[in-house]
Amino acid sequence: MPTIRKDGSWAWLVSFGIFVALFIETGLVKSLGVLLPDLREQFSTQTWIIGLAISSVPGFGAVTCILSSGLGKLFSHRVIVILFGSLASMGVIIGSMATSVPMLAIGLVVTGCYYGAEAIAFAALPDYFDKYFDVVNGIAHAGMGSGVIVMPLVTQFLLDVYGWRGTVLILGGLTAHIVVSGALLRPVTQGPQVQFSVDDQEHRDTQTGDPLERLHPKDADNLAPNDEHMRKHPKGKTDYFIIRFITAFDLHLFLNIEFVSLTCISTATGYYYTGWLIYLVPHAEDLGFSPYASSAIATFGGIGSLIGSCIFPLLTNVLSTKVLIIMANILVFFSLAVDPIFSALHTYFGLTLASFGVNVGNALWGCCVCKEMSTVVTKDVYTTALNWTYVGYALGSLCSGFLSGWLYDKYGNYTASFLFLSLISLVALTPMILNMLRSTKNREKGHQYTPVPLHAK
């Protein structure tokens, strides 16, 4: 078997596989959004019910992300991505045969397995790249923009030719390509060990090894009692298993304020972006635009996502990731906030411009989170930390599918839905700004903690 090294030729093939996984992830949800009016008519139900069923795809992804964190300690990334990718494809195919909303929901829930596959695949990216990580991070996230560019118009064409069942069946075959992406995740040959300073090495010693020792190095003996100790002190046994549970899912990460702020932003992003993915095309059709013209609005949004992913490596040379995250969310806020104005004016250019802005901001956010996370946690918990942000994203998506659809059913248009999406994008800034203020105060007082970066030089 050929040697796989960091920044080598095979590593670039892996980045293409992750690009494909993100293409499928975003493109699938966008395609289901295009199908929403037909599904609503087919099952004679309300908008929020179909929206909730579609959002169950990323919603159930929260469960698979948690599972992938635990399974990642038992199996290779390759095995997990192949397993979850196969289940996701089966779920879409089940959805194509649905005769009722519950059956459709079951199929889409199973489809959510691709979130676990995508999360574990993306978390593996630092294993393959060091020198070119920023560039590859942008390339991989370009898959999201490409999916939004291609899939809306393709889905509308397939819908006209094959109907919604045939379209969903074809989407199931497309989702199966995640299995191929997983097959590319071959083990990386370890290179020479990086030399750390004495202070960094002491920090790494407390961040690696047995989880019990990592959390409580001074109390390791008390937290891992022997059988005789457990017999005499039942409480010691209980504490032991509680600590084991906490470390199995790396729950101690939630004591890290910077990690919590990134997870909160991810939750808000899941709400506003999934709402945009699901309801943009129905929103445009509701305003009187044709199905193809409505899908084209999403396509222009995908171009914005592609541009955002491409300019990310350039922006990181002049701005910090925290500043970029704030700028990205402000851009999303204004883009969503002006949507009701353009809707009232029925201006196609305005809706296209707003769609473009939302996707530029979202693409920058996605790239920034992966880079910022590598600086706030150590390598041994990077995969789990990234998975927890996906959990937040999935929960936000589930709430958006229900609430945005319910607001439409209540008011008869999407104005309130998109205004609430913009509000959530603004609220997402709060934890990041508070964290930056806290860091500034700590620096002024001379108290600064610098975690060992994922890409130590």
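Note that the structure is a prediction, hence the values are computed from the model and not measured.

1. Describing the overall build of the protein chain
For the protein chain, the helix and strand inventory stands at 21 helices and zero strands. With 457 residues in all, the protein chain has 54% of them scored as buried. Of all intrachain contacts in the protein chain linking residues separated by at least 6 positions in sequence, the fraction that spans at least 24 positions is 83%. For the protein chain, the exposed surface amounts to about 19,300 Å²; the carbon and sulfur share of it is 67%.

2. Thoughts on a nonpolar patch on the surface
Taken together, the side chains of Leu153, Phe157, Val161, Tyr162, Ile170 and Tyr292 present a nonpolar region at the surface, about 570 Å² in accessible area. Residue contributions to the nonpolar patch peak at five residues, all from helix α7 (residues 133–175). Its location among the elements puts Leu153 in helix α7.

3. Section: the packing of helix α14 (residues 257–286) against helix α19 (residues 382–411)
At their nearest, the axes of α14 and α19 sit 6 Å apart, and the two run at 35° to each other. Where α14 crosses over α19, the two elements pack in a sense that is right-handed.

4. As for the packing of aromatic side chains
Taken as a whole and judged by the stated rule, the model has twelve aromatic pairs. Ring plane angle 10° and centroid distance 6.1 Å describe the contact between Phe16 and Phe19, whose orientation is recorded as stacked. With Phe16 and Phe19 both in helix α1 (residues 9–43), this residue pair falls three residues apart, about one helical turn. The partly exposed category is assigned to Phe16, whose relative accessible area is 49%. Taking the centre distance of 5.3 Å and the plane angle of 75° together, the rings of Phe254 and Trp388 count as edge-to-face. Of this pair, Phe254 sits in the loop between α13 (234–248) and α14 while Trp388 sits in helix α19; the two residues are 134 residues apart in sequence, bridging distant segments of the chain.

5. Brief notes about the pattern of salt bridges
Applying the stated criterion to the full structure yields one salt bridge. The shortest N-O distance in the salt bridge between Lys322 and Glu372 comes to 2.6 Å. On the criterion of sequence distance, the pair formed by Lys322 in helix α16 (residues 321–337) and Glu372 in helix α18 (residues 348–376) is long-range, its members being 50 residues apart. You'll find Lys322 and Glu372 in the same group, each marked buried.

Calculation criteria
- Residues numbered from 1 in each chain as written.
- Predicted model: local features only at pLDDT ≥ 70, side-chain atom pairs only at ≥ 80, totals over all residues.
- Heavy atoms only, no water.
- Helix = DSSP H or I, 4+ residues; strand = E, 2+ residues; numbered from the N terminus.
- Buried < 20%, exposed > 50% of the residue type's maximum accessible area, 1.4 Å probe, protein only.
- Contact = heavy atoms within 4.5 Å.
- Areas by Shrake-Rupley, 256 points an atom, 1.4 Å probe, with all protein chains shown as cover.
- Patch = residues over 30% accessible without salt bridge, like charges linked within 9 Å, V, L, I, M, F, W, Y side chains within 5 Å.
- Salt bridge = Lys/Arg side-chain N within 4 Å of Asp/Glu carboxyl O.
- Axes fitted to C-alpha atoms, helices over the stretch in contact; angles between N-to-C directions.
- Left-handed = near helix turned anticlockwise from the far one by under 90°.
- Phe/Tyr/Trp six-rings, centres within 6.5 Å; stacked < 30°, edge-to-face > 60°.

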